[in-house]
Amino acid sequence: MTLSRRQTLMLMAAAPVALSAGSALAGTDTDEVIRVDLWDKGLDAIDAFDDSMPIMLGTPGAKMLDSAPMGVKVDRKTVPAGEIRFEVVNSSKDIEHEMIVVPIADTSKPLPYDAEIQRFDEDAAGALGEVPETEPGESGVLVLRLKPGTYMLACNIPGHYAMGMWTLITVT
Ligand SMILES: [Cu+2]
């Protein structure tokens with residue numbers, strides 16, 4: 001695979017997170033891979049979103065997740081504990097997305113959220129790592145060592161989480 005200059009920078013950006021999580025360098029000997037698609041339905045669908053019913057975990061709007069204008073899609077929802085390599089692609093045609101990994105102790109509870117800046121509080125939520133802002137068509141990698149539990153993969157660019165840009169995975 002030939003990496004663009006930007007992808008190389010993304011990989012470099014992800015590496016310190018991987019190292020701080022006690023894992024090997026991205027792209028070496030990780031067995032478990034989750035392919036992550038950061039998608040949206042385009043600018044018209046985003047403009048048409050009714051933000052009176054935010055699609056956030058642990059809120060009434062969460063049931064609207066399937067009709068969200070943007071989202072996080074994974075090729076597997078369950079993965080064994082240990083080192084996990086997230087291979088992330090932004091398939092949007094128009095806008096940047098990112099992927100942040102957050103441990104979820106209770107799926108019935110909302111994340112700490114700041115409505116003014118339209119983002120959840122990553123520190124208060126205990127975020128573990130991220131593939132930072134990624135341009136349309138570009139990709140990035142994150143390697144984390146995860147214990148059994150439930151985790152959210154979310155985009156926290158302003159407004160995106162409330163538009164349903166998240167999903168849950170289970171580490172067993
Ligand atoms: Cu996004």
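Residues numbered from 1 in each chain as written. Predicted model: local features only at pLDDT ≥ 70, side-chain atom pairs only at ≥ 80, totals over all residues.

> Can you lay out the environment of Lys109 for me, pointing to particular residues and giving the numbers?
Summarising the element assignment, Lys109 is placed in the loop between β5 (97–104) and β6 (113–114). Since 11 C-beta atoms lie within 10 Å of it, Lys109 is described here as exposed. (Helix = DSSP H or I, 4+ residues; strand = E, 2+ residues; numbered from the N terminus. Buried ≥ 20, exposed ≤ 12 C-beta atoms within 10 Å, placed from the backbone.)

> Which residues make up the sheet that holds strand β4 (residues 82–90), and what values go with them?
Ordered in space as β2-β1-β4-β9, the four strands form an open sheet in which the pairing is mixed. Each edge of the open sheet is held by one strand with a lone partner, namely β2 (70–74) and β9 (139–146). Taking each pair of neighbouring strands and ignoring which way they run, the sheet shows an average axis angle of 20°. For β4 and β9, the ladder comprises eight bridges, and the chain directions are antiparallel. Bridge pairing in β9 places Gly82 opposite Leu146. (Pairing = 2+ DSSP bridges. Axes fitted to C-alpha atoms, helices over the stretch in contact; angles between N-to-C directions.)

> So what about the environment of Leu142? Which residues, and what values?
Inspection of the secondary structure puts Leu142 in strand β9. In this structure, the C-alpha to C-alpha distance between Leu142 and Val131, residues eleven residues apart in sequence, is 6.1 Å.

> Quick rundown of the sheet that holds β5? Include the residues and the values.
One key point about sheets: their strands pair by backbone hydrogen bonds, in either a parallel or an antiparallel sense. Spatially, the five strands line up as an open sheet ordered β3-β11-β10-β5-β8, and their pairing is mixed. This sheet does not close on itself; its edge strands, each paired only once, are β3 (78–79) and β8 (129–134). Two strands pair when backbone bridges link them, and β5 and strand β10 (residues 149–154) are joined in this way by five bridges, in the antiparallel orientation. In the sheet register, Val101 faces β10, and the bridge partner there is Leu153.

> Break down the nonpolar core for me, citing the residues and quoting the values.
If you look at the biggest cluster of nonpolar residues, it comprises 35 residues, and the most contacted ones within it are Val72, Met99, Leu153 and Ala154. Mapped onto this core, the elements with two or more residues apiece are β1 (32–40), β2, β4, β5, β9, β10 and β11 (166–171). Setting aside residues up to four positions removed in sequence, Leu153 forms contacts with Val36, Val72, Val74, Met99, Val101, Trp166, Thr167 and Ile169. (Core = buried A, V, L, I, M, F, W, Y, C linked by C-beta atoms within 7 Å. Contact = placed C-beta atoms within 7 Å.)

> Account for the pairing of β1, with residues named and values stated.
Examined bridge by bridge, β1 and β4 share seven bridges and lie parallel to one another. In the sheet register, Leu38 faces β4, and the bridge partner there is Asn90. With five bridges joining them, β1 and β2 adopt antiparallel strand pairing. When the bridges of β2 are listed, Val36 appears paired with Val74.

> Which residues make up the environment of Ile104, and what values do they have?
Looking at the element boundaries, Ile104 is found in strand β5. For Ile104, a count of 20 C-beta atoms within 10 Å gives the class buried. With 48 residues separating them along the chain, Ile104 and Met152 place their C-alpha atoms 6.6 Å apart. Excluding residues within four positions of it along the chain, Ile104 makes contact with Thr150, Tyr151, Met152 and Leu168.

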